[in-house]
There are 2 protein chains.
Amino acid sequence: MLAHDRVYRTLRVQIMHGELEPGISLTLRGIGKQFGVSMTPAREAVRRLVAEGALSLSASGRVSTPDLSNERIEELASVRALLEPELASRALPRAHIALIERLSAINSTVSEVVAKGDAVGYIRTNLEFHRTIYLRAQAPAMLAMAETVWLQLGPTMRKLYGRMQRTEAPFQHRAILTALRAGDEQGLKAAIRNDVAGGLRMLVG
Amino acid sequence: MLAHDRVYRTLRVQIMHGELEPGISLTLRGIGKQFGVSMTPAREAVRRLVAEGALSLSASGRVSTPDLSNERIEELASVRALLEPELASRALPRAHIALIERLSAINSTVSEVVAKGDAVGYIRTNLEFHRTIYLRAQAPAMLAMAETVWLQLGPTMRKLYGRMQRTEAPFQHRAILTALRAGDEQGLKAAIRNDVAGGLRMLVG
DNA sequence: CATGCAGCATTGTGATCACAAATGTTCGTC
DNA sequence: GACGAACATTTGTGATCACAATGCTGCATG
């Protein structure tokens, strides 16, 4: 596999899952050393991640994980609340019983990692729950945009993990599952909105 | 200004405004020569544009303007129909008379370039009309996502320019202006939806 | 003890090069 | 004339280097 792609993918997952805190400084040489490559692929990976909002550039070109303002957090939450109900809506006709059972299993894992206080595990399994639904929507461009938003929120979610009422997520997810089982499109969209916006709305206050 | 940034900005505008057709091949050395720089800044600009969907990469790393499938076009139109009414809605309370007059002037330019059959001019002024509204929304992340969609659609809009009923755009825009003047949020959102989705829906058939 | 400045280390940028893979071309064969 | 193989060219990738600018450290000064 190409070096710059390997660096990109690894960093992307780390950022999206909240393995890095906001405001952490990265250097091209440091990334290169970490992955055993030269500056060149590190530079390309960083450039790509910056373009996706996963990393921030200072005026002088220094690289760091983004430290989002409350306004920006609310804005990204609004984008989630726009895109994700639509994705869920498109997935609904294709959501069979096997999918719902798989989602239920993922949701059990969410409860487990919440009980353990595992921030990264919580973010990862929570996103896995959502992605599993949206993959059924057959809308790759829309899903990519939603994932870009998750990516931008990764470090922030880690930072605010303590402030989130994480025990509520499995309940919200159960509402999603109920709507999926019932084929209730409006209920599904509302449940998704509650889950994605509700979780982030109150942690900026 | 930084070389790679200059290359990026220039190519980005060219792509967004439909100055390049879909499927055009680009090379790093060619871009470098065109801008009087080495491969390095050309590479970074291309990497960034690929990350934004403005350019496509073949399996072997060759760069070209994207040639979108009908499914992808409809999907991107749906994203526009989700994001842009929200942006307009947020701009509405801040839309004063001076803004509306400026929009009206832009719309006159749209009519002129349509009359001239100027595809690039049509795309540019049409996007300028929308951006002028959305800038008032004070939602930079959401606007950035909308612009990313425009960017991805740039070459395709050029290709399908002949099939678009471009003379209808100024009318749709007038409906937008009417709703803005009346402070009619629901009417505004509907007018935006008609404009962005309506224009693209019928050109994929 | 705080502050500002000089000197130093760190960092991103752009150019150049070697290399391998992919692409295009040419020529021969059927 | 069409097809295929060998060759030549083009192209992206990754490494390395020089350079300028930025950020940091420590020391002297008030």
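Residues numbered from 1 in each chain as written. Chains lettered and ligands numbered in written order. Predicted model: local features only at pLDDT ≥ 70, side-chain atom pairs only at ≥ 80, totals over all residues. Heavy atoms only, no water.

## Remarks on the relation of the copies chain A and chain B
Next, step 1: Between chain A and chain B, which share one sequence, the superposing operator has a rotation angle of 180° and an axial displacement of 0.0 Å; the RMSD is 0.0 Å. Read as a symmetry element, the transformation amounts to a two-fold axis. Within chain A, the C-alpha atom positioned nearest to the axis of rotation is that of arginine 48 of chain A, 2.7 Å from it.
Next, step 2: Counting the interface residues of chain A, we find that 100% of their copies in chain B are interface residues as well, pointing to one common contact surface. (Least-squares fit on C-alpha atoms with pLDDT ≥ 70 in both. Contact = heavy atoms within 4.5 Å.)

## Focus: the interface of chain A and chain B
Next, step 1: At the junction of the two partners, chain A supplies 23 residues and chain B supplies 23 residues.
Next, step 2: Counting every contact that joins chain A to chain B gives four salt bridges.
Next, step 3: Contributing elements (two or more residues each) for the side of chain A that touches chain B: α3 (39-51), α4 (70-91) and α7 (140-159) of chain A.
Next, step 4: In terms of residues, the side of chain A that touches chain B owes the most to one element, α4 of chain A, which gives nine residues.
Next, step 5: Per-class residue counts for the side of chain A that touches chain B are eleven nonpolar, three polar and nine charged. (Salt bridge = Lys/Arg side-chain N within 4 Å of Asp/Glu carboxyl O. Helix = DSSP H or I, 4+ residues; strand = E, 2+ residues; numbered from the N terminus. Nonpolar A, V, L, I, M, F, W, Y, C, P; charged D, E, K, R; others polar.)

## Considerations on the domain arrangement of chain A
Reports often express the size of an interface as the amount of accessible area lost when the parts come together.
All names here are of chain A.
Next, step 1: Here chain A is partitioned into domain 1 (3-64) and domain 2 (70-201).
Next, step 2: Computed from C-alpha coordinates alone, the two centres of domain 1 and domain 2 are separated by 26 Å.
Next, step 3: Contact with domain 1, which involves twelve residues of that partner, is made by 15 residues of domain 2.
Next, step 4: Interface of domain 1 and domain 2: buried area, both sides summed, is about 1200 Å²; carbon and sulfur atoms make up 65% of it.
Next, step 5: Summed over the three residues of domain 1 that lose the most area to domain 2, namely Met16, His17 and Pro22, the buried surface amounts to 47% of that side.
Next, step 6: Taken together, domain 1 and domain 2 are joined by one salt bridge. (Domains from an automatic or database assignment. Buried area = accessible area lost by both parts, 1.4 Å probe.)

## Re the packing of aromatic side chains
To describe a pair of aromatic rings, you give the distance between the ring centres and the angle between the ring planes.
Next, step 1: This structure, assessed with the given rule, holds four aromatic pairs over all chains.
Next, step 2: Aromatic side chains tyrosine 122 of chain A and tyrosine 161 of chain A sit 5.8 Å apart centroid to centroid with 50° between the ring planes, which places their arrangement in the tilted category. You can see tyrosine 122 of chain A sitting in helix α6 (residues 119-134) and its partner tyrosine 161 of chain A sitting in the loop between α7 and α8 (169-182), a full 39 residues away along the chain. Comparing tyrosine 122 of chain A with tyrosine 161 of chain A, the two get one shared label, buried.
Next, step 3: Taken together, a centroid distance of 6.3 Å and an interplanar angle of 35° make the contact between tyrosine 134 of chain B and tryptophan 150 of chain B tilted. Linking tyrosine 134 of chain B in helix α6 (residues 119-134) with tryptophan 150 of chain B in helix α7 (residues 140-159), this pair joins segments that are 16 residues apart in sequence.
Next, step 4: Residue classification places tyrosine 134 of chain B among the buried residues on the basis of a relative accessible area of 1%.
Next, step 5: On the basis of relative accessibility, which here comes to 2%, the residue tryptophan 150 of chain B falls in the buried class.
Next, step 6: Across the ring face of tyrosine 8 of chain A, the terminal group of arginine 48 of chain A is positioned such that the distance to the ring centre comes to 3.7 Å. (Phe/Tyr/Trp six-rings, centres within 6.5 Å; stacked < 30°, edge-to-face > 60°. Buried < 20%, exposed > 50% of the residue type's maximum accessible area, 1.4 Å probe, protein only. Lys NZ or Arg CZ within 6 Å of the ring centre and 35° of its normal.)

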